[in-house]
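Okay, here's what each chain looks like letter by letter:
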Amino acid sequence: MTGPVRKVAVVGRDADAWLAAYALQRSFGRRDDPVAVELVELPSLLRPQDAYVTLPAQKAFHNLLGFDENRLLRACSGVYALAQRFSNWSGSEPPFLHAYDTHGVSLSHIDFFQYWVKARAAGLNVPLEEFSLGAVAAKQGRFVIFNESTESFSRATYGYHLDAISYVKAVARAALASGLKHTVADVAQVQCDDGRIRSLRLTDGTVVEADLFVDASGADGILIRRLDADGVEDWSPWLPCNRIMAASGPALEPMPAFSQVSAFRSGWVGQFPLMNRTAVVAVYDGDATDDREMQGNLSALTGMRLEGNAVAAPFTAGGRRRHWVGNCVALGDAGATLEPLDAVQLHLLYTGVAYLVSLFPVSRTDMPEADVYNAKMQAHAIGLRDFQVSHYALNRRYDEPLWDRARDTEAPATLVRKLELFARRGVIAMDEHETFHEENWTSIFVGHRLLPSSWDPLVDATPEQEQIANFQKILGFIAAEVREMPSLQAHIELNSPQATSDYVF
Amino acid sequence: MNDKAIRKVVIVGGGTAGWMTAAALSKVLGTHHHDITLVESEQIGTVGVGEATIPMIQLYNNVLGLDEDEFVRETNATFKLGIEFVGWRREGHRYFHPFGMYGVDMDGIGFMHYWQRWNRGGGSLDYTHFNAETEAARARKFMRTPPDGGPKTMPTINYAFQFDASLYAAFLRRYSEKRGAVRIEGRITDVTQDPVSGDITAVSLESGQVVHGDLFIDCSGFRGLLIEQVYKAGYDDWSHWLPVNRAVAVPCESTNDWLPYTRSTAREAGWQWRIPLQHRTGNGYVYSSEYISDDEAAARLLERLDGAPLADPRTLRFVTGRRRRCWVNNCVAFGLSSGFLEPLESTSIHLIQVAIAKLLAMFPKEGISARLVTRFNEEMDYEYDNVKDFLIAHYKVTERDDSPFWNYVRNMAIPDALQERLDIFKARGEVMARQTELFKETSWFAVLAGQGLQPDSYHPVADTISEDELRLRLTKIRTGVQNRVNGMTEHKSYVRTHCASPSANFG
């Protein structure tokens with residue numbers, strides 16, 4: 001039975017399943033000698049309140065899938081987010097922005113941040129984010145369109161807020177149009193044999209055989225857990241929330257260019273603007289605050305009148321040690337389950353799909369690609385986890401059990417390494433496979449008031465006057481450029497316009 | 001001294017027209033060389049019921065040197081960004097006629113051509129979002145454009161006022177009297193004319209007092225005490241085009257929503273106005289007596305108020321049209337005695353102001369030249385004609401077919417000049433308004449498109465830029481509008497901070 005992979009079965013639901021199946025169909029299903037891709041679609045768990053909040057990398061994912069950004073955003077009331085705004089994570093400290101952009105410009109080949117650390121120690125009181133074009137644009141509700149001078153200064157980019165149900169519908173439409181085979185059913189039985197999945201029996205009696213099985217079933221991992229029952233590492237000591245509530249509020253006007261994430265006594269609440277509404281998410285410790293209390297507090301925490309019901313579901317953070325076991329690859333939440341924080345939703349899925357496409361098994365029998373794949377995926381998952389954990393580890397909400405515990409818990413070693421080096425000299429200890437870059441880590445570390453005690457000694461070689469002049473130049477440049485940028489709302493309205501109405505006033 | 005010198009100006013009738021005239025004359029001519037006298041009787045009511053204006057009134061107030069906040073406070077005024085038309089195209093439809101422009105003109109042609117190109121290419125954001133006044137009105141916001149107006153892309157805010165006309169008249173009376181204008185109380189019972197020239201030399205009052213004058217300004221209202229009763233200047237009746245001939249007015253309690261605009265709602269036999277002031281709301285039903293009785297109109301109006309009535313409804317009668325000659329001999333008619341156009345576009349005060357400005361511009365030093373009189377009359381005819389055609393368009397261009405009144409106006413014959421405009425608009429989305437016209441392209445577009453007339457095409461210059469450039473320009477304009485509106489405050493709190501009247505109702 002050796003030979004190439006002829007058939008892939010993707011089993012799962014919602015965005016994970018549709019995006020994975022469509023990506024594989026586009027990559028392998030359209031060749032002269034095509035691989036048959038079949039999607040076994042499990043019942044959806046999405047509710048009208050749900051939204052997907054993504055990182056800038058989702059744009060690359062969409063490019064891979066051939067989506068027209070404007071049409072896609074129009075289809076799912078999508079909005080760009082240039083940044084995430086964190087508030088109430090540290091007592092009375094002001095909110096900070098984690099913008100998808102760098103800070104300042106290097107001077108004499110030394111990162112701008114090093115100069116800022118030194119200047120700050122000397123009394124500078126301009127927050128780091130003011131030196132980020134993306135952050136300043138986000139604060140003023142602008143959309144960054146590069147020109148010649150900003151192009152070399154900034155790498156500002158954006159993620160998306162997408163209405164979940166309509167997003168999945170749009171992806172499904174494209175996937176079905178591409179000829180993807182699609183079955184709606186539940187899995188009754190998974191037939192395993194020698195550490196591999198042989199076939200699935202569906203509730204309608206159909207048997208699905210395949211050479212490669214993709215598990216996109218979400219946190220349950222209904223296929224992969226049959227091959228690796230104890231493969232999930234529990235991350236809840238570091239990410240202690242165990243409930244997620246979703247709700248919906250009115251659209252915000254003017255449209256903010258950022259997500260808003262605000263900590264409260266027993267967790268955090270996120271507000272994610274969409275064109276036609278605001279998606280609201282609460283992630284919390286259900287033992288400290290029950291669903292009823294949470295629902296009652298949601299309006300006050302968000303400052304908005306919520307529309308319709310709030311819905312809650314249990315949650316446990318955790319990740320698989322191996323995402324690829326035998327002939328089964330777990331994608332998205334089936335591989336690792338993270339909080340909907342830092343816009344990481346769908347990111348692990350994209351990473352997994354991209355690696356699977358590039359490491360697609362050449363043989364249906366032995367799949368030696370799995371080890372490399374697993375090393376990369378685990379590193380990415382841990383990087384994302386650590387990024388989330390750092391919000392908890394660095395919090396300064398005292399005398400609140402959840403937050404006190406989060407501070408007291410020893411952080412994962414991978415994160416401790418980053419925190420310690422950063423605290424000493426403002427450098428991020430980067431690993432090989434990481435999603436977030438130095439500027440991302442720097443933004444949140446500094447935002448949470450982890451400030452380096454020293455800086456790169458080479459900084460001292462530049463005269464102070466020159467540094468001050470440089471700072472002023474950067475601030476002036478950003479202010480002038482941002483003033484000329486279009487507003488985010490106008491950009492969306494004109495590029496991915498929503499349904500027209502006859503009501504002209 | 002030359003006995004033909006114009007020294008004594010007598011204004012007959014108070015009210016808005018009379019006192020606007022007295023105030024402007026006492027400021028501009030002064031009272032050192034000219035006697036400004038105004039004769040009015042407290043027994044004769046004025047028509048003012050709450051008056052909506054257009055931005056041109058700022059020119060008038062500026063000539064007087066009024067402090068705007070003081071004026072707003074004294075007249076219980078609110079700010080006005082435009083007029084909302086409800087139900088004019090069809091039941092349930094609404095559109096806004098804003099005071100400012102849509103977008104900005106580019107490469108010599110109007111914004112609306114670019115918008116039409118974009119709209120035809122599938123762009124769905126409607127043109128109203130490119131106008132700052134409309135967006136501010138939606139959000140019930142108001143703010144004067146700051147002196148440092150910000151980047152060029154941010155539009156200025158054009159506004160007028162909604163005020164209590166009787167308080168405005170009282171305010172201007174104080175202003176005029178302070179500057180030496182003299183008010184004489186009394187009813188006019190007789191008019192004396194020069195037997196040779198026919199010029200009016202004096203008016204006599206009930207009390208026996210005789211008021212002599214060189215120039216008489218007839219502000220006596222509909223009846224035209226001098227211009228018609230003495231000179232039989234004649235009247236062009238326009239009621240076949242504008243058939244409404246009555247108005248029933250009633251103030252009601254404020255709903256405290258502080259709308260920065262006037263609302264006009266189409267009704268079975270005419271339309272209803274709603275003018276929010278600081279302390280109350282002015283309302284009225286303007287109707288044609290051929291299609292509804294006075295009692296029914298009053299009853300319908302009372303049913304449709306959004307607050308408790310504060311007085312008994314008052315009915316006014318009028319015939320829409322224009323005095324054939326506003327200036328005859330040494331008598332000039334201003335305000336209602338010079339003609340009447342329904343207040344659908346808030347032009348009443350404007351037409352007074354225009355007449356005052358023209359009189360001041362042509363003010364005779366010695367003797368009255370017949371040429372000047374002819375010129376004045378021609379110019380006033382032009383003003384009335386323009387407004388008239390604009391008003392007729394509101395009735396003619398409609399889909400309403402739910403009452404005999406609307407069936408009449410929808411099917412009526414219209415002036416040739418207006419038909420030509422509608423044809424040009426249909427062909428290319430502009431009416432080619434002349435510089436001197438009161439209502440410019442934006443107004444015509446707002447109303448004609450709002451009433452449902454869709455242009456077939458647009459100016460070819462709009463096709464000369466690339467698709468990307470077009471989108472970028474529109475995005476920038478939209479951004480400018482948003483930035484302007486985002487920086488504005490709630491209308492209510494703006495008034496509260498700057499110019500609240502002691503009787504203002506802030507809820």
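Note that the structure is predicted; figures quoted are calculated from it, not measured.

Thresholds, definitions, all that
- Residues numbered from 1 in each chain as written.
- Chains lettered and ligands numbered in written order.
- Predicted model: local features only at pLDDT ≥ 70, side-chain atom pairs only at ≥ 80, totals over all residues.
- Helix = DSSP H or I, 4+ residues; strand = E, 2+ residues; numbered from the N terminus.
- Rg over C-alpha atoms; globule rule 2.2 N^0.38 Å.
- Buried ≥ 20, exposed ≤ 12 C-beta atoms within 10 Å, placed from the backbone.
- Contact = placed C-beta atoms within 7 Å.
- Domains from an automatic or database assignment.
- Nonpolar A, V, L, I, M, F, W, Y, C, P; charged D, E, K, R; others polar.
- Pairing = 2+ DSSP bridges.
- Axes fitted to C-alpha atoms, helices over the stretch in contact; angles between N-to-C directions.
- Parallel < 35°, antiparallel > 145°, perpendicular 65-115°, else oblique.
- Left-handed = near helix turned anticlockwise from the far one by under 90°.

Attention now moves to the overall build of chain B. Scanning chain B for helices and strands turns up 14 helices and 24 strands. For chain B, the C-alpha radius of gyration of 23 Å lies close to 23 Å, the compact-globule estimate for 507 residues. Over its C-alpha atoms, taken along the principal directions, chain B stretches across nearly 75 × 50 × 50 Å. Considering chain B as a whole, with its 507 residues, one finds that 51% of them fall into the buried category. Contacts in chain B between residues at least 24 apart in sequence constitute 77% of all its contacts with a sequence separation of at least 6.

What follows is about the domain arrangement of chain A. Split by domain assignment, chain A resolves into domain 1 (7-79 + 164-231 + 318-381) and domain 2 (101-156 + 412-483). The interface is formed by 4 residues belonging to domain 1 of chain A together with 4 residues belonging to domain 2 of chain A.

All names here are of chain B. Structurally, chain B comprises domain 1 (8-50 + 164-236 + 320-368), domain 2 (100-155 + 389-491) and domain 3 (246-317). Between domain 2 and domain 3, the C-alpha centre-to-centre distance is 28 Å. By residue class, the composition of the side of domain 2 that touches domain 3 is 5 nonpolar, 2 polar and 2 charged.

Next up on the list: the pairing of strand β16 (residues 262-267) of chain B. Residues and elements named next belong to chain B. The element β16 is largely enclosed, with a buried count of 5 among its 6 residues. The pairing of β16 with strand β17 (residues 270-276) spans 5 bridges and is antiparallel. The residue bridging R263 from the neighbouring strand is R274, located in β17. Turn length for the β16-β17 hairpin, with the two strands adjacent in sequence and antiparallel, is 2 residues.

What follows deals with the interface of chain B and chain A. In this complex, chain B contributes 22 residues to the contact, which on the side of chain A involves 15 residues. For the side of chain B that touches chain A, the secondary-structure elements that each account for two or more residues are β6 (94-98), α5 (132-138) and α13 (467-486) of chain B. The greatest single-element share of the side of chain B that touches chain A, amounting to 9 residues, is contributed by α13 of chain B. Looking at the side of chain B that touches chain A residue by residue, the classes come out as 5 nonpolar, 10 polar and 7 charged.

A few words on the packing of helix α8 (residues 348-361) of chain B against helix α9 (residues 370-396) of chain B. All names here are of chain B. Viewed as axis vectors pointing N to C, α8 and α9 meet at an angle of 155°, and their least axial separation amounts to 11 Å. On the basis of their axis angle, the class for α8 and α9 is roughly antiparallel. Helix-helix and strand crossings are classified by hand; for α8 and α9 the assignment is right-handed. Mapping the contact onto sequence places L351, V354, A355 and K358 in α8 and F376, E379, M380 and E383 in α9. Counted by class, the contact of α8 with α9 contains 5 nonpolar, no polar and 3 charged residues.

Note on backbone geometry: most residues besides glycine have negative phi, and most peptide bonds are trans. Residue and element names in this part refer to chain A. The omega torsion of the bond from E253 to P254 falls at 0°, within 30 degrees of zero and hence cis. A positive phi angle, close to 60°, is found at D194, a residue other than glycine. Here D194 lies in the loop between β9 (187-193) and β10 (196-202). Owing to 6 C-beta atoms within 10 Å, D194 belongs among the exposed residues under this scheme. Positive phi, normally seen in glycine, also occurs at A343, with a value near 60°. With 26 C-beta atoms packed within 10 Å, A343 lands in the buried category.

This part takes up the environment of L274 of chain A. All names here are of chain A. With respect to the helices and strands, L274 occurs in the loop between β16 (267-273) and β17 (278-284). Judged by C-beta crowding, with 22 C-beta atoms within 10 Å, L274 ranks as buried. Along the backbone, L274 and Y100 are 174 residues apart, and their C-alpha atoms lie at a distance of 19 Å. Look past the residues within four positions of L274 in its chain and what remains in contact with it is A51, S77, V79, H161, D163, A251 and A279.

This part takes up the environment of Q388 of chain A. Residues and elements named next belong to chain A. Tracing the chain through its elements places Q388 in helix α11 (residues 369-393). Judged by C-beta crowding, with 21 C-beta atoms within 10 Å, Q388 ranks as buried. With sequence-adjacent residues up to four places away left out, Q388 is seen in contact with L239, L338, E339, L341 and D342.

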